[in-house]
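Breakdown of the fold
If you want the building blocks of each chain, they are given just below.
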Amino acid sequence: MNFIRFSDLCASGKVAGKRVFIRADLNVPQDDAGNITEDTRVRASIPCIQMALDAGAAVMVTSHLGRPVEGEFKPADSLAPVGKRLGELMKREVPVMSNWVDGVDVKPGQLVLLENCRLNKGEKKNSEELARKMAALCDIFVHDAFGTAHRAEASTYGIAQFAPVASAGPLLAAEMDAISKALSSPRRPLVAIVAGSKVSTKLTILKSLAANVDQLIVGGGIANTFMLAAGLKIGKSLAEADLLAEAKAVIEAMKARGAEVPIPTDVVTAKAFAADAPATVKAATDVADDDLILDIGPQTTARLAAQLMAAGTIVWNGPVGVFEFDAFAKGTEGIARAIADSSAFSIAGGGDTLAAIAKYGIEKQVGYISTGGGAFLEVLEGKTLPAFEILQKRAAG
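The sections below set out a description of the structure shown in this document. All values derive from a computational prediction rather than experimental measurement.

**Notes on the nonpolar core**
Nonpolar side chains tend to gather and get buried jointly when the protein is soluble and globular. By size, the foremost hydrophobic cluster in this structure holds 78 residues, and its most contacted members are Leu-216 and Phe-226. No other element matches the six residues that helix H6 (residues 170–184) contributes to this core. With 29 residues, the next largest nonpolar core counts Leu-9, Val-59, Leu-111 and Ile-140 among its residues.

Below is the structure:
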């Protein structure tokens, strides 16, 4: 992907004295009293902000927070707690400015936080009038919020259209590089793991990947639907019987390319969905009518682990079993350890996937961990994200 990197602009001295507008992702979880309960996103945004300050820019930062009603300010929608935390982490005063669309007074070396951008009328619908006003505030626009890259809004897309220069911040650039490496020019074989409770929520992803990957590993409730499509009994396990034709079509599409969807040969079952339910390993052909399949078995885990060890590129979205229950976590752990030990370039995304990575402590062994849930899934679906599209268009100039 060809785009302007903000880091390159800084390194070449093109940022000194300029007004820089950074669209960050500071959408943090808060308790009922408005206290930030988890500040990863604030910490992750600092390198870009610091880069701009070090380069001698006048720096404006904005983000969305929650789901406010446009044009109606409520204290709960304010970025004030974020400004306070940002100030603590950066050891400086970070003033929060409201009603900023018509002008911002900020000088080189200064940093201001612009109030919740979703409060501006026309933000969600990418109003051209609003986007032009935002663009007029700056010399350089920096998009550094991958979590919003799949949305064409005024502060993510419109401003990039009209700002004198539109660039990608370090967080967004890293995502663009990783996605390009994994999907545009992957080292083969390319193995994708798509797991989750329902085929319906991942059907477009499965179809898109079936046209590109060498192996498509399915897990969780999705694997149950594929087992059913392969003629196996799955007892009372979670599955979507109405999507068997789609599952068969994915299997056939893979087969036509000499690729495969490995169907589990053994599974871990229980009679009830509970952490303390006794776990039984059995052949995939021996599932009883009152069984729930809650994990893949050791034989299947070993076979999939061997495929991952031989992979060139791995894309991982979703645990393959109910890994929250220790008795049904061995499949996901086996997959996670194989990804960690593989020499393949790996990219992982999705909330449950990140939880599994954290549980098994393999953060440092995964090539790239994507932070944007919805955006990551849309990339897997084969969609071009609006943020990527406009930044590439502006770079082509």
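What follows picks up the thread again.
**A word on the pattern of salt bridges**
Applying the stated criterion across every chain, the model contains 21 salt bridges. A salt bridge links Asp-105 to Lys-107, with the shortest nitrogen-to-oxygen separation between them at 3.1 Å. Looking at Asp-105, the relative accessible area reads 56%, which means it is exposed. Asp-291 is paired through a salt bridge with Lys-271; the nearest N and O atoms lie 2.7 Å apart. One end of the pair, Asp-291, is in the loop between strand E10 (280–283) and strand E11 (292–296); the other, Lys-271, is in the loop between strand E9 (266–270) and E10, with 20 residues separating them in the sequence.

**Quick look at the environment of Leu-385**
Here Leu-385 is to be found in the loop between helix H13 (373–380) and helix H14 (386–396). Through-space distance from the C-alpha of Leu-385 to that of Ala-160 is 14 Å; in sequence the pair is 225 residues apart.

**Re the packing of helix H7 (residues 203–210) against helix H9 (residues 244–256)**
The N-to-C vectors of H7 and H9 enclose an angle of 15°; their axes lie 9 Å apart at closest approach. In terms of axis orientation, H7 runs roughly parallel to H9. Crossing hand, H7 versus H9: left-handed. Facing H7, whose interface residues are Leu-203, Leu-206, Lys-207 and Ala-210, H9 presents Glu-246, Val-250, Ala-253 and Met-254.

**Re the pairing of strand E13 (residues 345–348)**
Burial along E13 is two-sided: Phe-345 and Ile-347 facing one way and Ser-346 and Ala-348 facing the other are all buried. Here strand E12 (residues 313–317) pairs with E13 via four bridges, running parallel. From the neighbouring strand, Trp-316 faces E13, where its bridge partner is Ala-348. For the segment spanning E12, helix H11 (residues 330–341) and E13, crossover handedness is right-handed. With two bridges joining them, E13 and strand E14 (residues 368–369) adopt parallel strand pairing. Considered in E14, the bridge of Ile-347 is made with Tyr-368.

Cut-off values and rules
Residues numbered from 1 in each chain as written. Predicted model: local features only at pLDDT ≥ 70, side-chain atom pairs only at ≥ 80, totals over all residues. Heavy atoms only, no water. Core = buried A, V, L, I, M, F, W, Y, C linked by side-chain atoms within 4.5 Å. Buried < 20%, exposed > 50% of the residue type's maximum accessible area, 1.4 Å probe, protein only. Helix = DSSP H or I, 4+ residues; strand = E, 2+ residues; numbered from the N terminus. Salt bridge = Lys/Arg side-chain N within 4 Å of Asp/Glu carboxyl O. Axes fitted to C-alpha atoms, helices over the stretch in contact; angles between N-to-C directions. Parallel < 35°, antiparallel > 145°, perpendicular 65-115°, else oblique. Left-handed = near helix turned anticlockwise from the far one by under 90°. Contact = heavy atoms within 4.5 Å. Pairing = 2+ DSSP bridges. Right-handed = clockwise from strand over helix to strand, strands pointing away.

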